[in-house]
Amino acid sequence: MSFEPRDPHFERRVRDSFSRQKAMETLGARVARVAAGEVDLELPFRDDLTQQHGFLHAGIVTTVLDSACGYAAFSLMAADQAVLSVEFKVNLLAPAKGDLLVARARVKRPGRTLTVVTGDAVMVTGEEEVTIATMVGTMMALENRPGLVS
């Protein structure tokens, strides 16, 4: 699908907002791609982010997917709006083991207030990709909220 962003400077806004996320900085996630209604985030595998079996922790995978989905929705919002997740469901499909986690989020239906987004997380090792999780989320556009920066 192709969407028309409400803000022509959406890419800079997404990247600027992402750079203010201390959680993503702590994890070491980065923005790999931004397009209208689409965001890809990457997180290199780190042993200190694993659970007891050596896989990336499900909470880490979910956190990165949530951010990717939120920013995909944010890319279509007006310049004076901020984004917050209001609901999501994650299905974990395979263990998160590999060199690089890639979270690819795509807007399914943008709305004035609520936007539905889907995201897939894959683990990449060399040329091989394994889908490890999928998310469906609802993101809310907020405006005129003190303390929220768009």
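You'll find the structure just up there.
Residues numbered from 1 in each chain as written. Predicted model: local features only at pLDDT ≥ 70, side-chain atom pairs only at ≥ 80, totals over all residues. Heavy atoms only, no water.

*Asks:* Is there a simple way to think about helix H1 (residues 10-19) in this case?
*Replies:* It helps to recall that an α-helix has 3.6 residues per turn; residues three or four apart then point in one direction. Among all positions of H1, only Phe 10, Arg 13, Val 14, Ser 17 and Phe 18 are buried. The buried residues of H1 occupy one face: seen down the axis, they fall within an arc of 130°. Tucked into the core, H1 has its buried residues touching helix H2 (22-27), strand E1 (30-35), strand E2 (38-44) and helix H3 (58-74). (Buried < 20%, exposed > 50% of the residue type's maximum accessible area, 1.4 Å probe, protein only. Helix = DSSP H or I, 4+ residues; strand = E, 2+ residues; numbered from the N terminus. Arc of directions from axis to C-beta. Contact = heavy atoms within 4.5 Å.)

*Asks:* Explain the nonpolar core to me, please; I cannot follow it from the model alone.
*Replies:* Most often, soluble globular proteins have nonpolar side chains that are buried together. Leu 43, Val 61, Leu 101, Val 117 and Ile 132 are the most contacted members of the largest nonpolar core, which totals 40 residues. Put simply, the parts of the chain that give this core at least two residues each are H1, H2, E1, E2, H3, strand E4 (100-109), strand E5 (114-125) and strand E6 (128-142). Considering every element that reaches this core, the biggest residue donor is H3, with 10 residues. For Leu 43, the residues in contact, after removing those within four places along its chain, are Leu 27, Gly 28, Ala 29, Leu 49, Ile 60, Val 64, Leu 100 and Leu 101. (Core = buried A, V, L, I, M, F, W, Y, C linked by side-chain atoms within 4.5 Å.)

*Asks:* For this particular structure, what's the right way to read the environment of Glu 129?
*Replies:* For Glu 129, the position within the fold is in strand E6. The exposure class assigned to Glu 129 is partly exposed, which follows from its relative accessible area of 44%. Once the C-alpha coordinates of Glu 129 and Asp 48 are considered, the two residues, 81 residues apart in sequence, prove to be 22 Å apart. At 2.8 Å, the side chain of Glu 129 forms a polar contact with the side chain of Arg 104. (Polar contact = N/O pair within 3.5 Å; in protein donor to acceptor, adjacent residues only side chain to side chain.)

*Asks:* I would appreciate a short explanation of the sheet that holds E5 in the present structure.
*Replies:* One key point about sheets: their strands pair by backbone hydrogen bonds, in either a parallel or an antiparallel sense. One open sheet holds the six strands; their spatial order is E1-E2-E4-E5-E6-E3, and the pairing between them is antiparallel. Each edge of the open sheet is held by one strand with a lone partner, namely E1 and strand E3 (82-92). Going across the sheet, the axis of each strand differs from the next one's by a mean of 20°, ignoring polarity. Bridging between E3 and E6 involves 10 bridges; their strand directions are antiparallel. Directly across from Lys 89, in E6, lies its bridge partner Val 136. (Pairing = 2+ DSSP bridges. Axes fitted to C-alpha atoms, helices over the stretch in contact; angles between N-to-C directions.)

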